[in-house]
Amino acid sequence: DVSSPKHGKVDPDNKPHVGGNTWAGGTGGRDTAGLGGKGGPYRLDAGHKVYQVSQAEKDAVPEEVKRAAREMGEKAFKQRLKEIRMSEYDASTYERFSGAVRRQVQSLRIILDNLQ
């Protein structure tokens, strides 16, 4: 079961972590920042294969945990904007322009990776 969202511990060796309730950047777990899990405050990609929990499990997360996760994610987002000296208006403008070319950039990354 989910309890409360948190960032989680950082693995200094960046080993892949699947499931559980401990590691930041893990996949398929609960409560911690990562990918494919449930109840975490925000997405955090540590570069590992993503294991996804079912949508039914995600839907079963209590509303108070979802609310706490959203609040924590919003706080982390605002802190990151502050660190990079970007306003919320700047971020939304960046997202608008970035979103318009996202697929083309992804295609170019794939081409460049294959060339390497």
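Just above, that's the structure.
Residues numbered from 1 in each chain as written. Predicted model: local features only at pLDDT ≥ 70, side-chain atom pairs only at ≥ 80, totals over all residues. Heavy atoms only, no water.

K.L.:
Mind showing me how you'd approach the overall build of the chain here?
P.N.:
A count of helices and strands for the chain gives 3 helices and 2 strands. For the chain, the sequential pattern of α-helices and β-strands runs β-β-α-α-α. Taking the principal axes of the C-alpha coordinates as reference, the chain spans close to 40 × 35 × 30 Å. Within the chain, the proportion of its 116 residues that are buried is 24%. Residue pairs in contact within the chain that sit at least 24 positions apart in sequence constitute 35% of those at least 6 positions apart. (Helix = DSSP H or I, 4+ residues; strand = E, 2+ residues; numbered from the N terminus. Buried < 20%, exposed > 50% of the residue type's maximum accessible area, 1.4 Å probe, protein only. Contact = heavy atoms within 4.5 Å.)

K.L.:
I'm lost on the environment of glutamine 79 in this one. Help?
P.N.:
Along the chain, the position of glutamine 79 falls in helix H2 (residues 63–83). Take glutamine 79: its relative accessible area is 40%, and that puts it in the partly exposed class. Sequence separation of glutamine 79 and tyrosine 89 is 10 residues, and the distance between their C-alpha atoms is 15 Å.

K.L.:
Explain the side chain of threonine 32 here, please?
P.N.:
Mapped onto the fold, threonine 32 is located in the loop between strand E1 (26–27) and strand E2 (34–35). With relative accessibility at 13%, the residue threonine 32 sits in the buried group. A distance of 3.3 Å separates a polar atom in the side chain of threonine 32 from the backbone oxygen of tryptophan 23. Ignoring any residue separated from it by four or fewer positions in sequence, one finds threonine 32 in contact with Lys6, His7, Gly8, Asn21, Thr22, Trp23, Gly40 and Pro41. (Polar contact = N/O pair within 3.5 Å; in protein donor to acceptor, adjacent residues only side chain to side chain.)

K.L.:
What am I meant to see in the packing of aromatic side chains here?
P.N.:
Any pair of aromatic rings gets described here by the distance separating the centres and the angle formed by the planes. All chains considered together, the criterion is met by 0 aromatic pairs. Lysine 9 extends its terminal NZ or CZ atom over the ring of tryptophan 23, reaching a point 5.7 Å from the ring centre. Across from the ring centre of phenylalanine 97, 4.9 Å away, lies the NZ or CZ of arginine 96, which sits over that ring. (Phe/Tyr/Trp six-rings, centres within 6.5 Å; stacked < 30°, edge-to-face > 60°. Lys NZ or Arg CZ within 6 Å of the ring centre and 35° of its normal.)

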